[in-house]
Amino acid sequence: MKVIIIRYSEIHLKGNNRDFFESALISNLKNSLKKFKYEFARSNARYIIRNFDETVLEEMIEVIKNVFGVHSLSVAEEVETDYEKISEAAIKSAPSSGTFKVSTNRADKRFPIPSMTLSAEIGGKILEKYPDLTVDLYNPNNTVFIDIRENGKTFVYGEIIKAVNGMPVGTGGKGIIMLSGGIDSPVAAYMMAKRGMSLRAVHFHSFPYTSMQAKQKVLDLAKIIKKYALRITVDVVSFTEIQTAIHEKCPEEYMITIMRRFMMRIAERLARQNGAGAVITGESLGQVASQTLESITSTNSVATIPVFRPLIGFDKDEIIDISQKIGAFEISILPYEDCCTIFLPKRPVTKPRLSAVEKVESALNVEELVQNAMSNIESVTID
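Cut-offs applied
- Residues numbered from 1 in each chain as written.
- Predicted model: local features only at pLDDT ≥ 70, side-chain atom pairs only at ≥ 80, totals over all residues.
- Heavy atoms only, no water.
- Helix = DSSP H or I, 4+ residues; strand = E, 2+ residues; numbered from the N terminus.
- Buried < 20%, exposed > 50% of the residue type's maximum accessible area, 1.4 Å probe, protein only.
- Contact = heavy atoms within 4.5 Å.
- Axes fitted to C-alpha atoms, helices over the stretch in contact; angles between N-to-C directions.
- Parallel < 35°, antiparallel > 145°, perpendicular 65-115°, else oblique.
- Nonpolar A, V, L, I, M, F, W, Y, C, P; charged D, E, K, R; others polar.
- Pairing = 2+ DSSP bridges.
- Patch = residues over 30% accessible without salt bridge, like charges linked within 9 Å, V, L, I, M, F, W, Y side chains within 5 Å.
- Areas by Shrake-Rupley, 256 points an atom, 1.4 Å probe, with all protein chains shown as cover.
- Salt bridge = Lys/Arg side-chain N within 4 Å of Asp/Glu carboxyl O.
- Lys, Arg positive; Asp, Glu negative; His and termini not counted.
- Charge placed at Lys NZ, Arg CZ, Asp CG, Glu CD.
- Arc of directions from axis to C-beta.
- Polar contact = N/O pair within 3.5 Å; in protein donor to acceptor, adjacent residues only side chain to side chain.
- Phe/Tyr/Trp six-rings, centres within 6.5 Å; stacked < 30°, edge-to-face > 60°.

Trainee: Give me the environment of Thr244: which residues, what numbers.
Mentor: Along the polypeptide, Thr244 turns up in helix 7 (residues 240-249). With 38 residues separating them in the primary sequence, Thr244 and Ser206 have C-alpha atoms 9.5 Å apart.

Structure follows, in structure tokens:
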């Protein structure tokens, strides 16, 4: 019988809290696989999926390997712990050429043949079947794994498929990701979901200065994030009134700084309304004018909950690499401007003093503008 073996990641380090993390991972796996029919079982520090439709095997693998908390998986033949049946399955799992070795784990010590002896004997049978093979015990191209379990069953497989690792989503609290249409914020969302954080997104839209295509672009990025975060709702905030007020009443060079402070205030209020304990941004230190230490300090000064910046020490190439890996890059580079590109100053202040920022901002009715924005939110749950 063909089965899928799923191995978990950091959960084995959790001691007395392991059950909490395992329960979350199992729930997330079942939620991700809800469109498939299968049987699910626990087996020590792994999970086994049986009785599935093999025509959708590749699709199931793609889903499982993107569930945070999964370390790796293998497609294995599950056979009775019988020498001949193990040999037959091992030959089926072996390559026909190149280099190989056999690796045996004998969890059931009642099986009479020691691990190294069984590996050597099965390796000999594989060589008889495939004479073009060469044994390499140290750096083989292929490995045939034999896992003899205590329940009278043995798993035989030839590949370990790496998964995304991390912690199960939902075990690390909840955060609000400030989601723009750029490259950075979807990657920041991915990074925090990888650490077990559930996500809700806020996007600032300045219609008619930004197009409906720009809004759709962000919703399409949210669909990419959902693949890893399992569920996400995007709160689309009308930001036009705030940007217009800043443009009219504040010096041009402070526009980005003041705008970021308004975004942070609104994100924090949404966090409190939705039971989130942190705000997440895609900022990278020094990447643009609003991401200098002084600018970040100015933005942080209006926040009273933690602000996570998982990309703070990343360079652009590193961020692009992850964006491409998770499938967000091609959407992120679509040429639809977001609100951060509207009314851009020619020479934005890069090292704003907080006292100067507060003085400039005093020209605005901050609370009224924030309240107006909070009353004009469209919430979109990504299915």
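Text resumes after the structure shown.
Trainee: I'd like a rundown of the side chain of Ser332, residues and numbers included.
Mentor: Looking at the secondary structure, you find Ser332 in helix 11 (residues 329-332). Since its relative accessible area comes to 5%, Ser332 is described here as buried. Residue contacts for Ser332: discarding those within four places in its chain leaves Gly181, Gly182, Ile183, Pro186, Lys217, Leu221 and Ser323.

Trainee: Got a sec to walk through unusual backbone geometry? Specific residues and values, please.
Mentor: For Asn165, which is not glycine, the phi torsion reads 60° and is therefore positive. Here Asn165 lies in the loop between strand 9 (161-162) and strand 10 (174-178). A residue is classified by how much of its surface remains accessible, and Asn165, at 27% relative accessible area, is partly exposed. With a phi angle near 75°, Leu230 is a residue other than glycine that sits in the positive phi range. With respect to the helices and strands, Leu230 occurs in the loop between helix 6 (212-229) and strand 12 (233-238).

Trainee: So, the packing of helix 8 (residues 255-273) against helix 12 (residues 354-361): which residues are in play, and what are the values?
Mentor: The axes of two packed helices give the description: the angle between them and the distance between them. Here helix 8 crosses helix 12 at 80°, and the two axes come no closer than 10 Å. Comparing the axis directions of helix 8 and helix 12 gives the class roughly perpendicular. Facing helix 8, whose interface residues are Thr257, Ile258, Arg261, Phe262 and Arg265, helix 12 presents Leu354, Val357, Glu358, Val360 and Glu361. Residue classes in the contact of helix 8 with helix 12 are distributed as 5 nonpolar, 1 polar and 4 charged.

Trainee: Tell me about the sheet that holds strand 14 (residues 307-308), and name the residues and values.
Mentor: The mixed open sheet is built from 6 strands, whose spatial order is 14-13-10-11-12-15. Of all strands in the sheet, those with a lone pairing partner are strand 14 and strand 15 (377-381), marking the two edges. Here strand 10 pairs with strand 11 (residues 198-205) via 5 bridges, running parallel. From the neighbouring strand, Ile177 faces strand 11, where its bridge partner is Ala201.

Trainee: Describe the side chain of Arg46, naming the residues involved and giving the relevant values.
Mentor: Residue placement: Arg46 occurs in strand 3 (residues 46-50). Each residue touching Arg46, except ones within four places of it in the same chain, is listed here: Ile5, Ile6, Ala41, Asp147 and Arg149.

Trainee: How would you sum up a negative patch on the surface? Please name residues and give values.
Mentor: The grouping of Asp315, Asp317, Glu318 and Asp321 at the surface amounts to a negative patch. In this fold, Asp317 is placed in helix 10 (residues 316-326).

Trainee: Explain helix 10 residue by residue, including any values.
Mentor: What helix 10 keeps buried is the set Ile319, Ile320, Ile322, Ser323 and Ile326. Projected onto a plane normal to the axis of helix 10, the buried residues spread over an arc of 165° and lie on a single side. Looking at helix 10, the residues exposed on the side facing more than 90 degrees away from the buried face are Asp317 and Lys325. Buried residues along helix 10 sit in contact with helix 5 (184-194), helix 6 and helix 11. At the N-terminal end of helix 10, a side-chain oxygen is found 3.2 Å from the backbone nitrogen of Asp317, two or three residues along, and the residue is Asp315. Once helix 10 finishes, Gly327 follows within two positions and takes phi at roughly 85°, a positive value.

Trainee: Could you give an account of the packing of aromatic side chains, naming the residues involved and the relevant values?
Mentor: The tally for this structure, following the rule as stated, stands at 8 aromatic pairs. On the numbers, 5.9 Å between centres and 50° between planes, the contact of Tyr8 with Tyr47 is tilted. In this pair, Tyr8 sits in strand 1 (residues 2-8) while Tyr47 sits in strand 3, placing the two residues 39 residues apart along the sequence. Comparing Tyr8 with Tyr47, the two get one shared label, buried. For the ring pair Phe20 and Phe21, a centre distance of 5.1 Å and an interplane angle of 75° mean the geometry is edge-to-face.

Structural measurements only, silent on function.
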